[in-house]
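Residue strings, one per chain:
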Amino acid sequence: NKVVPRKVRKISEDERRINDWVDFIEGRGQKPTKPINKYGQTLITRRNSETAKNKPVVMGKIGTIDSKIMIDSGAEPNVISESLVTRIIEEGKEKVEWNKTSIRKIRCANGTNMDTCGTCILPVTLGNRKNVLKFVVARTLFRDVIDGIVGMKNMAISLHPSENCIKVEDNKVHFLS
């Protein structure tokens, strides 16, 4: 058996800065001093001070891959990163329907447009519930998966910030931080 080394993708300076902000938001590390050129205002605003803990980020599975999923009741679509879709395809355990010609224009909360590269359909597991959801594929995303209001409805998710959890059909799934 010959072991084929996996290609290591070099991340850009913007992606590194995004990862630093995500770590801060999830309570790991200090607030970064350098802004993010394209996405900074989407991640955290300069006007509103907010704590990095108790964000609605939970563990789940996309296909067979464990993933951190951000629950965003302010987002309409479900969004997945291109890199995670590629990992699922490379793993080969899950059939992926990726329509690269279905480009959807998404406007972020800060007014910028998200760079999308198609749509795909994938199974999602949260708690003990599994469902197949449609995702918009984003070239760059600060989180591998964003579960928007459509996915919340399809998965029977309710958000309970006072308990630091979501409930999926009355089963608690606690926030990671």
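Predicted, not measured: the structure shown is a model, and the values here were computed from it. (Residues numbered from 1 in each chain as written. Predicted model: local features only at pLDDT ≥ 70, side-chain atom pairs only at ≥ 80, totals over all residues. Heavy atoms only, no water.)

Enquirer: It is not clear to me how the overall build of the chain should be interpreted in this structure. Could you clarify?
Expert: When helices and strands are tallied, the chain shows four helices and twelve strands. Per-residue burial over the chain gives 39% buried out of 177 residues. By sequence separation, contacts in the chain at least 24 residues apart represent 53% of the contacts at least 6 residues apart. Of the roughly 10,700 Å² of accessible surface on the chain, a fraction of 49% belongs to carbon and sulfur atoms. (Helix = DSSP H or I, 4+ residues; strand = E, 2+ residues; numbered from the N terminus. Buried < 20%, exposed > 50% of the residue type's maximum accessible area, 1.4 Å probe, protein only. Contact = heavy atoms within 4.5 Å. Areas by Shrake-Rupley, 256 points an atom, 1.4 Å probe, with all protein chains shown as cover.)

Enquirer: What is the right way to read the sheet that holds strand β12 (residues 171-174) from this model?
Expert: Within a sheet, each strand pairs with its neighbour through backbone hydrogen bonds, oriented either parallel or antiparallel. Across the sheet, three strands lie side by side as β10-β11-β12; this open sheet has antiparallel pairing. A strand with exactly one partner marks an edge of an open sheet, and here the two such strands are β10 (157-160) and β12. This sheet shows a mean twist of 30° between the axes of neighbouring strands, independent of strand direction. By the bridge criterion, four bridges tie β10 to strand β11 (residues 165-168) in an arrangement that is antiparallel. Its bridge partner being in β11, S158 is matched across the sheet by K167. (Pairing = 2+ DSSP bridges. Axes fitted to C-alpha atoms, helices over the stretch in contact; angles between N-to-C directions.)

Enquirer: When you look at the nonpolar core in this model, what are you seeing that I'm missing?
Expert: Considering soluble globular proteins, one finds that nonpolar side chains tend to be buried as a cluster. Among the nonpolar cores identified, the biggest contains 26 residues, and I62, I80, L126, F135 and I166 are the most heavily contacted of them. Contributions of two or more residues to this core are made by β1 (57-62), β2 (65-71), α3 (82-91), β7 (116-126), β8 (129-138) and β11. If you tally residues by element for this core, the top one is β7, at five residues. Once residues within four sequence positions are removed from consideration, L126 is found in contact with V58, M59, G60, I69, I71, D147, M155, I157, I166 and V168. Residues V79, I106, A138 and I146 belong to the second largest nonpolar core, which totals nine residues. (Core = buried A, V, L, I, M, F, W, Y, C linked by side-chain atoms within 4.5 Å.)

Enquirer: Help me out: how do you make sense of the environment of K61 in this one?
Expert: Position of K61 among the secondary structure elements: in strand β1. Judged by relative accessible area, K61 falls into the partly exposed class, the value being 33%. K61 sits 64 residues away from T125 along the chain, and the two C-alpha atoms are 5.0 Å apart. In this structure, K61 is in contact with D66, I69, P123, V124 and T125, ignoring residues within four places of it in sequence. A polar side-chain atom of K61 sits 2.9 Å from a polar atom in the side chain of D66. (Polar contact = N/O pair within 3.5 Å; in protein donor to acceptor, adjacent residues only side chain to side chain.)

Enquirer: How do you make sense of the pairing of β7 when you look at a structure like this?
Expert: Consecutive side chains along a regular strand alternate between the two faces of the sheet. Taking burial as the measure, the eleven residues of β7 include nine buried ones, the bulk of the element. Note that β1 and β7 share two bridges and pair antiparallel. The partner of I62 across the bridge, within β7, is V124. Here three bridges tie strand β4 (residues 97-99) to β7, and the two strands are oriented antiparallel to one another. Considered in β7, the bridge of W98 is made with C120. In this structure, β7 lies alongside β8, joined through nine bridges in antiparallel fashion. When the sheet's bridge partners are listed, T116 is paired in β8 with A138. Following β7, the chain reverses through two residues before pairing antiparallel with β8; G127 in that reversal takes a positive phi of roughly 60°.

Enquirer: Would you mind going over the pattern of salt bridges with me for this structure?
Expert: Side chains that differ in charge, positive against negative, can pair when their charged atoms come close. Under the criterion given, the structure shown has six salt bridges. In this structure, K167 and E163 form a salt bridge, with 3.9 Å as the shortest nitrogen-oxygen distance. (Salt bridge = Lys/Arg side-chain N within 4 Å of Asp/Glu carboxyl O.)

Enquirer: In this structure, what is going on with the packing of aromatic side chains? I would like to understand it.
Expert: Note on aromatic pairs: each is described by the distance of the centres and the angle between the planes. Evaluated as defined, the whole model comprises zero aromatic pairs. Sitting over the ring of W98, K100 keeps its end group 4.4 Å from the ring centre. (Phe/Tyr/Trp six-rings, centres within 6.5 Å; stacked < 30°, edge-to-face > 60°. Lys NZ or Arg CZ within 6 Å of the ring centre and 35° of its normal.)

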